[in-house]
Amino acid sequence: MYKLGLLLILFTLFSCEKKEEKCCMNVESQVLLNLTNEDSNNIFELNEGAKALNDLDLYYVDKSGNREIQNHSNLDIPKNMQIIDWEVPKQKILKVFGNLTPQSDGYAESILVVKGYLEVSIKLKIESTDSYKGYSQLLVNGKEISKGQLGRPISVKLTTLSE
């Protein structure tokens, strides 16, 4: 009887599966933009006609090529972007949280629309593992941004819409 009980206990212990739970996932989609007009003036710091967040819209491009406006009232940053103060040099920049859903070419595209200016295309080359989802390459308006520039404000000179 003792051997049967011991066998039952050992069988129970070894038949239990240890399930590993995923702790968390690090997500990186932040892009910093220093937006200037054709005169190289920061559009958020103009004396007249300075832009604010309500003058901006961000669209994510889905796998089918359709645009989805980013405006989620339940998020801390509902438009997936915010204007922040940057210290060196002191200026206002736009922090954009880019799309992380890649299209067939491996790039996820976001379109920034600034009232009165042509659109800005932001493409992220998506990299993904069990614990990380982010980007390894950035293109702004088709121009590749060097890896050394990632994480720092990228200068983008906006072109005025012709009327």
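If you're wondering where the values come from, they're calculated on a predicted model, not measured in any experiment. Along each chain, the written sequence defines residue order, and numbers are assigned to residues from 1. Reporting in this predicted model follows two pLDDT cut-offs: at least 70 for local features of residues, and 80 or more for side-chain atom pairs to be given and counted; totals over whole chains, interfaces and linings ignore these cut-offs and use all residues. Side-chain figures throughout are based on the complete set of non-hydrogen atoms in the structure, without hydrogens or water.

Here we come to the overall build of the protein chain. Scanning the protein chain for helices and strands turns up one helix and 11 strands. Starting at the N terminus and ending at the C terminus, the protein chain contains elements arranged as α-β-β-β-β-β-β-β-β-β-β-β. For the protein chain, the proportion of contacts with a sequence separation of at least 24, taken over those separated by at least 6, is 55%. In this description, accessible areas are obtained by the Shrake-Rupley approach with a 1.4 Å probe, and a residue is regarded as covered only by the protein chains that are shown. Total accessible area computed for the protein chain in this model is approximately 10900 Å², and 52% of it derives from carbon and sulfur atoms. By definition, any uninterrupted DSSP run of H or I lasting at least four residues is a helix, any uninterrupted run of E lasting at least two residues is a strand, and each is numbered from the N terminus. Any pair of residues with heavy atoms lying within 4.5 Å of one another is described as a contacting pair.

Moving on, we get to the confidence of the model for the protein chain. A residue-level look at the protein chain finds 85% of positions with pLDDT of 70 or above and a mean pLDDT of 87. Strand β7 (residues 107-114) holds the highest mean pLDDT among the elements of the protein chain, 97, whereas helix α1 (residues 2-15) holds the lowest, 59. pLDDT: the predictor's confidence for each residue, scored from 0 to 100.

The next subject is the pairing of strand β5 (residues 81-86). We call two strands paired when DSSP finds no fewer than two bridges between them. Bridge count between β5 and strand β6 (residues 91-97): six bridges; the pairing is antiparallel. Its bridge partner being in β6, Q82 is matched across the sheet by K95. Counting the residues in the hairpin turn of β5 and β6 gives four residues.

The sheet built from four strands is open, its strands ordered β5-β6-β2-β11 with mixed pairing. Pairing within the sheet leaves two strands with one partner each, and these edge strands are β5 and β11 (154-157). On average, each strand axis in the sheet is inclined to that of its neighbour by 40 degrees, with strand direction left out of account. Lines fitted to the C-alpha atoms define the axes, with helices restricted to the stretch that makes contact. Angles between their N-to-C directions range from 0 to 180 degrees.

By size, the foremost hydrophobic cluster in this structure holds 27 residues, and its most contacted members are L33, L35, L94, L112, I122 and L138. When contributions to this core are tallied by element, the ones reaching two or more residues are β2 (30-36), β3 (56-61), β6, β7, β8 (120-128), β9 (132-140) and β11. The greatest single-element share of this core, amounting to four residues, is contributed by β8. Excluding its chain neighbours within four sequence positions, the residues that come into contact with L138 are V31, I122, K123, L124, K143, E144, I145, L150 and I154. Only buried residues count toward a nonpolar core, which is a set of Ala, Val, Leu, Ile, Met, Phe, Trp, Tyr and Cys residues joined through side-chain atoms within 4.5 Å. Summary of the burial criterion: residues with accessible area below 20% of their type's maximum are buried, those above 50% are exposed, and those between are partly exposed, where the area comes from a 1.4 Å probe applied to protein chains only.

Each Phe, Tyr or Trp ring (for Trp, its six-membered ring) is paired with any other whose centre lies within 6.5 Å, and the angle between the two planes then decides the class: stacked below 30 degrees, edge-to-face above 60, tilted in between. Enumeration according to the criterion identifies zero aromatic pairs in this entry. Criterion for a charge above a ring: Lys NZ or Arg CZ within 6 Å of the ring centre, and within 35 degrees of the ring normal. When the ring centre of Y59 is taken as reference, the NZ or CZ atom of R67 above it lies at 5.9 Å.

A word on the pattern of salt bridges. Two side chains with opposite charge may pair up if their charged atoms get near one another. We define a salt bridge as a contact between a side-chain nitrogen of Lys or Arg and a carboxyl oxygen of Asp or Glu at a distance within 4 Å. The tally for this structure, following the rule as stated, stands at four salt bridges. Where K115 meets D55, a salt bridge forms, and the shortest distance between an N and an O atom there is 3.7 Å. On the criterion of sequence distance, the pair formed by K115 in the loop between β7 and β8 and D55 in the loop between β2 and β3 is long-range, its members being 60 residues apart. Here K92 ties to D85 by a salt bridge, and the two come within 2.9 Å at their closest N and O atoms. Looking at D85, the relative accessible area reads 49%, which means it is partly exposed.

Within the secondary structure, V31 sits in strand β2. Separated by 109 residues in sequence, V31 and V140 place their C-alpha atoms 10.0 Å apart. When near neighbours in sequence (up to four residues on either side) are disregarded, V31 contacts L94, K95, V96, I122, L124, Y135, L138 and I154.

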